[in-house]
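Structural overview for review
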Amino acid sequence: MNRARALSHLLARAPLALPLRTLGATGAVRGKASAPPSPSALAAEPFLNGSSSNYVEEMYNAWLHDPKSVHQSWDTFFRNATAGAPPGEAYTSPPTLAEPTPHHVPLSSLAPAFSSSGVAPAYASEAPISDKVIDDHLAVQGIIRAYQARGHLVAALDPLGIDREALSERPPVTLPSKTVVRNYFDYIDESDMERSFKLPLSTFVGGNEKSLPLKEIIKRLEDAYCRSIGVEFMFINSLEQCNWIRQKFETPGFMHMDNKEKRLLLARITRSHGFEAFLARKFSSEKRFGLEGCEILIPAMKQVIDRSTSLGVESFVMGMPHRGRLNVLSNVCRKPLEHIFTQFAGLDTGDEGSGDVKYHLGTYQERLNRVTNKNIRLAIVANPSHLEAVNPVVQGKTRAEQFYHGDSEGNKVLSVLLHGDAAFSGQGIVYETFHLSELPEYTTHGTIHIVVNNQIGFTTDPRMSRSSPYCTDVARVVNAPIFHVNADDPEAVMHVCNVAADWRNTFHKDVVIDLVCYRRNGHNEIDEPMFTQPLMYNRIRKLKPVNELYAEKLITEGVVTAQEAKDVRDKYEKILEEAFTAAKSETRVFNKHWIDSPWSGFFEGKDPLKASPTGVHEDTLTHICRRFSSAPPNASDFQIHRGLQRILNSRMEMVKERTVDWAMGEAVAFGSLLKEGVHVRLSGQDVERGTFSHRHHVLHHQKVDKSQYNSLANLYPDQAPYTVCNSSLSEYAVLGFELGFSMTNPNALVIWEAQFGDFNNTAQCIIDQFISSGQTKWIRQTGLVMLLPHGMEGMGPEHSSARLERFLQMTSDDPDVLPAFSSDFAIRQLSDINWIVANCSTPGNLFHILRRQIALPFRKPLILMTPKSLLRHPEAKSSFDDMVETTEFQRVIPEKGAAANNGAGVKRLIFCSGKVYYDLTAARKEAGLEDSIAISRVEQIAPFPYDLVKQECDKYPDAEVVWSQEENKNMGAWSYVQPRVATALNHERHITVSQSSQTDTDSQSWYEYCFPWLFSAPAPVPDPAQAQAQAQAQSPASEPKVTRVVRYAGRPVSASPATGNKKTHLREVKQLLEDSLAL
């Protein structure tokens, strides 16, 4: 009890004190327990009463023996009491998770900054807490955050010193830029710069130190955010990601490089500069779009590759514009220098294709990474001059590589996209591609973007080319961190590249490196930039190239000697000269050397003119149709929408009748390919359900969110995967993505469906520059399928036409040449053409043409006009008999009705394509003309089925030939079909003349006969031998040569694809049918 009384004395005499963190040592506390307390002092403690005295005594005795043996709250109480705390204040409430009350800061968060020494005083009376102390600490936290958020605004990013506030022109670090700190410095005096402040958890500038003088805090923040690197990241929503970036850029010594790394960096810069200098000397008058002014790009890319390879990446898929492309091919991909130099020589090609300019070509290389000693694959995708168009293609190719390698996290395959500053902010495809980055079926798990920021677009100043502060601001929409870096500070660039590679590996999200540089020449080497940017180029001409600047720096540091730097230059110069000499012996260039997506083993061992059969066994048809028509098996609780249940029931009825509609014909094509191990991917807007609610490949539980069932993905236990995915509302990016996906694996059916065919022209760049001409330019095949809903159904000018005429215009077959008919005529045509254009009218033919994409021994794009009203048309169905073994795709479906048995009596033969066939047959039946008018369907329009069209015409020798279409005369297939029908029938170009027996016109084009006044010429002098031959040909024993005419029936010409007025539409349909059937 004596010790308990001592405790009472202690409480009575305690003076004012601070909490535990401000108290002295344990020994000093014990020495103060002497005088007895007053009863009022004891009663003032909130937890003490008569019944607790024994417990208090036990705690006190234990504490005197060992302060650590009691709970921290008792230790705090006894320390405060012995230190002189007044009655009622020795007790300290335990910590709480509750938020502090408004306008309050825990005093403990400010300790030990109550004194200039950084050590808290023993008693509050020695250092009273003032509002200034709190305000100063809050201001310091605000300053730290200001640098993190706005330090990039004053960073020394511009090598030219034009675009950013240079450090030499700024106030000293004791007075930071007002742009950054705003008003946080208004109440801080010069004397405060030496005061120590506790560092908040939101910064890492202290390293292992918990507090620093304000002067040192500002210096370290300046080094982190306002030197050669400007970091934009505070817009990111994730605290974890923000802290990760802070640590990478704020930790003291974060940019340290050892001497070995510096020497390697110098060698890479020297090679980058040496390559461009060599080309400038050898090919001074050639366009090459060199990298002068941003030579650091090569070391930057190699550093990204080295770092990523060390983290497990094995394959890199890259896309880039023309600037610096040859340098990247040589020094990053290690494309043989001889192949590059021969592109300047103007040699003939030694293989197929038209080729492309050297700065558009792609490549694929497998090589050893000498830094990590690992084998890697590098692909640069070929691209046109249409800037940024290659972005979604690269992403699709990357996604496909990840998919087929089982790389679900993107740890093995990485996409790297290079951009120009003006294009990055100016081209909308950049935004569209960014928005694919987080979509489940489109993500590549993070892309590293590198912007070669020349600070100029061709001749346009950035002030005139964008509204945003930075060209990279578009990346903020997906919370991608943006690292701006001065390209003339190589070590800063290397650090940024390391951080970017680590970021992508850690978070699997996009990241942007903005290399702020300049363009030493004009837009190309023969362009004069002084016309439009005289001040900029005056500065540029005074600048040393980065290889000289860095060599001087390392020589000053003693890392290398001047002789060693010269040896590096001379060694690479020798390599270039030897390759240049070897290239002179080449006599031809080969386009195959530049393939970016080789298909190893695909073409070997195949007959190039033999396709596999497309029909399948009836058991396969039945099984797939039944599964496609059923609810999830063994899931009775899966609640399906009642409307969908009716659709499933109707499908099951069709199975019993051995028929399929459009949706089932497509499903059977997919399912049978999946059974054979062929991956099928269907992508586009609303494709899971189908724009017209006909497909329903994904069933949704009506009561459980995200509970779905995909029947085609569950047909067989060992089937290939089936991917069906709704895309973002983009045509340009998504079509490009699917094109890239299709380039990776030839044994996959990749399909893009437009919501309406009319919208495909939003992706016209992909269609024109990549799909239609890709094989000719780059020897790159693709089996991509485009499904384009098409048909005049009174839905207005923007929901009617897929612009069939444009695809036909871009086909590469000659209307003036009739191919030789042979047993392999059909497949030879497919092999020779650039793409296939079809407009199927039956589900059975749809089934075959989709399967034929995989059955062919080569790959061609398929442009398929698909129906709308036919999806539910009662006559647009096919029997199983049209899809079983021994059946195949019908390029032309001939007349099969009464007219087929009345060849001599048929007065008109109508050729048509697609939906209009059903309108024509209904009108023909109503008019009672079924035995006098034959209607044949041209299912495959390009390549044109000359043989079958001629065969049909031969069946009806006295019939007038008519082409009927629902599109306007200047649209649709008419302009494509007209000359080819004439070629098939006559081997010449007579179109409007009924009889001809006077001249041989095989050498003239159909344009000459359509527009003879454009080709008027004096009458030729008759050749006597030719005159004699003609006289013999026109002897009484021979008949005059009859030229058959093909006539047009359809809508007249129009600027608009369709009317928006329903009554006008019906009137046009009526007129079309009358014209087609009028005898």
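Quick summary incoming for the structure in this document. Given the structure is predicted, the values throughout are model-derived calculations rather than measurements. (Residues numbered from 1 in each chain as written. Predicted model: local features only at pLDDT ≥ 70, side-chain atom pairs only at ≥ 80, totals over all residues. Heavy atoms only, no water.)

Let's talk about unusual backbone geometry
Put simply, the test is: Under the scheme used here, helices are H or I runs from DSSP no shorter than 4 residues and strands are E runs no shorter than 2 residues, and both carry numbers assigned from the N terminus. Between buried and exposed lies partly exposed: a residue is buried under 20% and exposed over 50% of the maximum accessible area for its type, with that area taken using a 1.4 Å probe on protein chains only.
Following Ala942, the chain continues into Pro943 via a peptide bond in cis, with omega recorded as 0 degrees. Despite not being glycine, Asp686 has its phi angle at roughly 65 degrees, a positive value. For Asp686, the position within the fold is in the loop between strand 14 (679-684) and strand 15 (698-700). The phi angle at Ile779 is positive, at roughly 55 degrees, despite the residue not being glycine. Mapped onto the elements, Ile779 comes out in the loop between helix 27 (774-778) and strand 19 (785-789). Overall, the relative accessible area of 13% leaves Ile779 in the buried class.

A word on the packing of aromatic side chains
Worth spelling out the cut-off: Pairing of aromatic side chains here covers Phe, Tyr and the six-membered ring of Trp, requires ring centres within 6.5 Å, and sorts the geometry by plane angle: under 30 degrees stacked, over 60 edge-to-face, intermediate tilted.
Following the criterion strictly, the structure yields 35 aromatic pairs and no others. With a centroid separation of 5.5 Å and 50 degrees between ring planes, the pair formed by Phe807 and Trp835 is classed as tilted. Placement of Phe807 in helix 28 (residues 804-809) and of Trp835 in the loop between helix 29 (825-832) and strand 20 (836-838) is noted, with a sequence separation of 28 residues between them. By relative accessible area, Phe807 is classed as buried at 1%.

Section: the pattern of salt bridges
The test is simple: What counts as a salt bridge is simple: a side-chain nitrogen of Lys or Arg found within 4 Å of a carboxyl oxygen of Asp or Glu.
Going through the model one piece at a time under the given rule, you end up with 49 salt bridges. Linking Asp306 and Arg268 is a salt bridge whose minimum nitrogen-to-oxygen distance equals 2.7 Å. Here Asp306 is found in helix 11 (residues 297-310), whereas its partner Arg268 is found in helix 10 (residues 259-282), with 38 residues between them in sequence. The burial state of Asp306 is the same as that of Arg268; both residues are buried. One network of salt bridges, in which partners are shared, links Lys262, Glu491, Lys553 and Glu557.

Quick word on the nonpolar core
The condition that has to hold: Residues grouped as a nonpolar core are buried Ala, Val, Leu, Ile, Met, Phe, Trp, Tyr and Cys residues, joined through side-chain atoms within 4.5 Å. The contact criterion used is simple: two residues touch if any of their non-hydrogen atoms lie within 4.5 Å.
Core analysis: the biggest nonpolar cluster contains 185 residues, and Leu297, Phe341, Ile513 and Leu515 have the highest contact counts within it. The greatest single-element share of this core, amounting to 9 residues, is contributed by helix 18 (residues 490-507). Contact partners of Leu515, with chain neighbours within four places excluded, come to Cys294, Ile296, Leu297, Ala300, Ile450, Val451, Val452, Asn453, Val485 and Val493. By size, the runner-up hydrophobic cluster in this structure holds 53 residues, among which are Phe628, Val687, Phe759 and Leu864.

Things to note about the side chain of Thr398
The criterion, for reference: Residues adjacent in sequence count toward polar contacts only when both atoms are side-chain atoms; beyond that, a polar contact is any pair of N or O atoms within 3.5 Å, and within protein one must be able to donate a hydrogen and the other to accept it.
Tracing the sequence through the fold places Thr398 in helix 14 (residues 390-404). Using a relative accessible area of 0% as the deciding quantity, one classes Thr398 as buried. There is a polar contact of 2.8 Å between the side chain of Thr398 and the backbone oxygen of Val394. With sequence-adjacent residues up to four places away left out, Thr398 is seen in contact with Val317, Val413, Leu414, Ser415 and Thr444.

Focus: the sheet that holds strand 21 (residues 862-866)
One key point about sheets: their strands pair by backbone hydrogen bonds, in either a parallel or an antiparallel sense. Applicable threshold: One requirement defines pairing of two strands: DSSP has to find at least two bridges between them. For helices, the axis comes from a line fit to the C-alpha atoms of the stretch in contact; other axes are also lines fit to C-alpha atoms, and the angle between any two N-to-C directions lies between 0 and 180 degrees.
Across the sheet, 7 strands lie side by side as 17-14-18-19-21-20-26; this open sheet has mixed pairing. Looking at the sheet topology across the chains shown, the edges are occupied by strand 17 (722-726) and strand 26 (940-942). Going from strand to strand, the sheet's axes swing by 20 degrees on average, the running direction of each strand aside. Sheet analysis places strand 14 next to strand 17, joined by 5 bridges and oriented parallel. Within strand 17, the residue paired with Val680 across the bridge is Tyr722. With respect to the sheet, helix 30 (residues 843-855) is in contact with strand 18 (748-753), strand 19, strand 20, strand 21 and strand 26, its orientation differing from that of strand 21 by roughly 165 degrees.

Structural measurements only, silent on function.
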